[in-house]
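# Analysis of the macromolecular model
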Amino acid sequence: MSTDRIEKEVLLKAPLARVWRAISDADEFGQWFGVRFDGPFVAGRSVTGVMTPTAVDADVAKSQEPYAGTADPWHIEAVEPQRRLAFRWHPYGVEEGVDVTDEPTTLVEFTLEETADGVLLRIVESGFDALPAERRASAFEGNSEGWAAQVELVRKYLAISETV
């Protein structure tokens, strides 16, 4: 098992254009993920994401409450319509008051593939081996659990979303 990358997949029963909008529109992304951004996702730009409870699942929203208000910069690496969204961020596990400005970031990539049964969303986060040793394992474990929850949240969001 790799300690440098997390990979999660979910088959979504929605049209490709709809799935793309759910992951590439900062406002829609924030609804299911549980974050409010200060701007759109534009390749080469950074946005700040402030954690908020997800609008999709009340139980998950409750578990996110301790992180509400936490702000993190996300650097958008790529926006390739209906195919790939990629960003860099400081992964889970940063203790309050710790400055991670000079710490390495991980790369998160969302890729979409149309299949006969729907759209396969693959989420890969890589770069954990470059993190400081004292927080590498907790960041990997926390984000692995987090991405497992997030693939379910995006699935739920698309299933209940009235926006077409």
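Please refer to the structure higher up on the page.
As a starting point, this report considers the structure included with it. (Residues numbered from 1 in each chain as written. Predicted model: local features only at pLDDT ≥ 70, side-chain atom pairs only at ≥ 80, totals over all residues. Heavy atoms only, no water.)

### Let's talk about the overall build of the chain
The helix and strand inventory of the chain stands at four helices and seven strands. Each helix and strand of the chain, ordered N terminal to C terminal, gives the series β-α-α-β-β-α-β-β-β-β-α. Taken along the three principal axes of its C-alpha coordinates, the chain extends 45 × 30 × 30 Å. Split into buried and exposed, the 164 residues of the chain put 44% on the buried side. Expressed as a percentage of contacts within the chain between residues at least 6 apart in sequence, the contacts between residues at least 24 apart total 58%. (Helix = DSSP H or I, 4+ residues; strand = E, 2+ residues; numbered from the N terminus. Buried < 20%, exposed > 50% of the residue type's maximum accessible area, 1.4 Å probe, protein only. Contact = heavy atoms within 4.5 Å.)

### Considering the environment of Leu-12
Relative to the elements of secondary structure, Leu-12 occurs in strand E1 (residues 5-12). Relative accessible area serves as the criterion here: at 1%, Leu-12 is assigned to the buried category. A C-alpha to C-alpha distance of 7.8 Å links Leu-12 and Leu-158, two positions 146 residues apart in sequence.

### Overview of the packing of aromatic side chains
All chains considered together, the criterion is met by 21 aromatic pairs. Ring plane angle 80° and centroid distance 5.5 Å describe the contact between Phe-29 and Phe-41, whose orientation is recorded as edge-to-face. Of the two residues, Phe-29 is situated in helix H2 (residues 26-33) and Phe-41 in the loop between strand E2 (35-37) and strand E3 (46-51); the sequence distance between them amounts to 12 residues. Look at Phe-29 and you get buried, because its relative accessible area is 0%. Given the relative accessible area of 9%, Phe-41 is considered buried. Judged by centre distance (5.8 Å) and plane angle (35°), the ring pair of Trp-89 and Trp-147 falls under tilted. A residue pair is termed long-range when its members are at least 10 positions apart, and Trp-89 in strand E5 (residues 84-89) and Trp-147 in helix H4 (residues 133-160) qualify at 58 residues. We classify Trp-147 as buried; its relative accessible area is 2%. (Phe/Tyr/Trp six-rings, centres within 6.5 Å; stacked < 30°, edge-to-face > 60°.)

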